[in-house]
Amino acid sequence: MTVTEIIFRTCLVYVVLLFVMRVMGKRQIGNLSPFDFVVAIIIAELAANPLEAPGEPLWRGLLPLAVLVLLEIGFSYLALRTELLRRLLSGVPQVVIKDGRLKIDEMRAARCNIDEILGQLRQEGFSDMRRVAHGVLETSGRLSVIPTGGADRVWFPYVLIADGQVQRANLAAAGLNGEWLQRHLDERGLCPAEVFLAMLNTDGTIWLQTKDNPRQEKGGKKAK
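Residues numbered from 1 in each chain as written. Predicted model: local features only at pLDDT ≥ 70, side-chain atom pairs only at ≥ 80, totals over all residues. Heavy atoms only, no water.

Looking at the overall build of the protein
Along the protein, the regular secondary structure elements total eight helices and nine strands. Sorting the 224 residues of the protein into buried and exposed places 34% on the buried side. Expressed as a percentage of contacts within the protein between residues at least 6 apart in sequence, the contacts between residues at least 24 apart total 47%. Accessible surface for the protein amounts to roughly 14,100 Å². Of this, 59% is attributable to carbon and sulfur atoms. (Helix = DSSP H or I, 4+ residues; strand = E, 2+ residues; numbered from the N terminus. Buried < 20%, exposed > 50% of the residue type's maximum accessible area, 1.4 Å probe, protein only. Contact = heavy atoms within 4.5 Å. Areas by Shrake-Rupley, 256 points an atom, 1.4 Å probe, with all protein chains shown as cover.)

Some details on the confidence of the model for the protein
Detailed reading of the predicted coordinates is not advisable wherever pLDDT is low. When pLDDT is averaged along the protein, the result is 81, and 84% of the positions lie at 70 or above. Between the elements of the protein, mean pLDDT differs from a low of 50, seen in strand 9 (residues 216-217), to a high of 94, seen in strand 2 (residues 101-102). (pLDDT = per-residue confidence, 0-100.)

Section: helix 3 (residues 58-81)
Helix length check: helix 3, at 24 residues, gives a terminal C-alpha distance of 36 Å against a target of 34 Å (1.5 Å per residue), a fit within 8%. The complete set of buried residues in helix 3 reads L58, G61, L62, L65, L68, V69, E72 and A79. (Expected span 1.5 Å × (residues − 1).)

Quick word on the nonpolar core
Membership of the largest hydrophobic core comes to 22 residues, with the highest contact counts inside it found for L160, W180 and L181. Breaking this core down by element, the ones donating at least two residues are strand 3 (132-137), strand 5 (159-162), helix 8 (178-187), strand 7 (195-200) and strand 8 (206-210). Ranked by size, the runner-up nonpolar core spans 13 residues in total, among them V96, I117, F126 and L137. (Core = buried A, V, L, I, M, F, W, Y, C linked by side-chain atoms within 4.5 Å.)

Some remarks on the environment of D99
Tracing the sequence through the fold places D99 in the loop between strand 1 (94-98) and strand 2. D99 gets classed as exposed once you look at its relative accessible area, which sits at 55%. Considered as a pair, D99 and G135 are 36 residues apart in the sequence and their alpha carbons are 8.9 Å apart. Residues within four places of D99 in sequence aside, it is in contact with V132 and A133.

Notes on the pattern of salt bridges
Within the structure shown, the criterion is met by three salt bridges. The partner of R130 in a salt bridge is D128, with the nearest N and O atoms 3.0 Å apart. (Salt bridge = Lys/Arg side-chain N within 4 Å of Asp/Glu carboxyl O.)

Points about the side chain of Q120
Looking at the element boundaries, Q120 is found in helix 6 (residues 114-123). What makes Q120 buried here is its relative accessible area of 17%. Within polar-contact distance, the side chain of Q120 engages the backbone oxygen of G141 at 3.1 Å. What Q120 contacts, discounting residues up to four positions off in sequence, is L137, G141, R142 and L143. (Polar contact = N/O pair within 3.5 Å; in protein donor to acceptor, adjacent residues only side chain to side chain.)

A word on unusual backbone geometry
You will see that D99, though not glycine, has its phi angle at about 50°, which is positive. Even without being a glycine, R111 presents a positive backbone phi close to 55°. Mapped onto the elements, R111 comes out in the loop between helix 5 (104-109) and helix 6. Overall, R111 belongs to the exposed group, its relative accessible area being 73%.

Here's what the structure looks like:
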């Protein structure tokens, strides 16, 4: 293989990798889900094949990358539509600190030890756990902290409706029910199918956005 052919292969693989990473979306490496992380490792391995085996036809090295791109696009699209698939591919955030106390069962389920939690708390500027209303271990492994609100209760910002589907597990975790949610929707003349996203604010009110109108509606009565 000539120098020109090597340069051509390298440039082509470089351009293909840029395209592949662009398809994966605007996510930082630290925010990749386990599924995306595995895909990134496979991409790195496949990209090396055309460069390490100059005697092989170039299409044999690029074809697996093309298949991987199609799989990534397909699963990403399905994950937008299917909550179960999103959970399988990306996992779910876990509340490991609530009202200033560690949730031991959640820590064990996440296989996260005390030193890791305390270390991430310090990185977020929280040396006193009593100041933490909720500590959430995100799917990326990073700890997000919601501070306490003084005398007022700080609610966890659960997703109550996602793409028209009521998240009943989140309602139950917040100590709420479908009747409470429906009353809030009735006040706005909406049904769940019309709502793209509804979240419980930390002050106990609902924030929502409809599908047809991109306006953001705030306020509403507080949860009790």
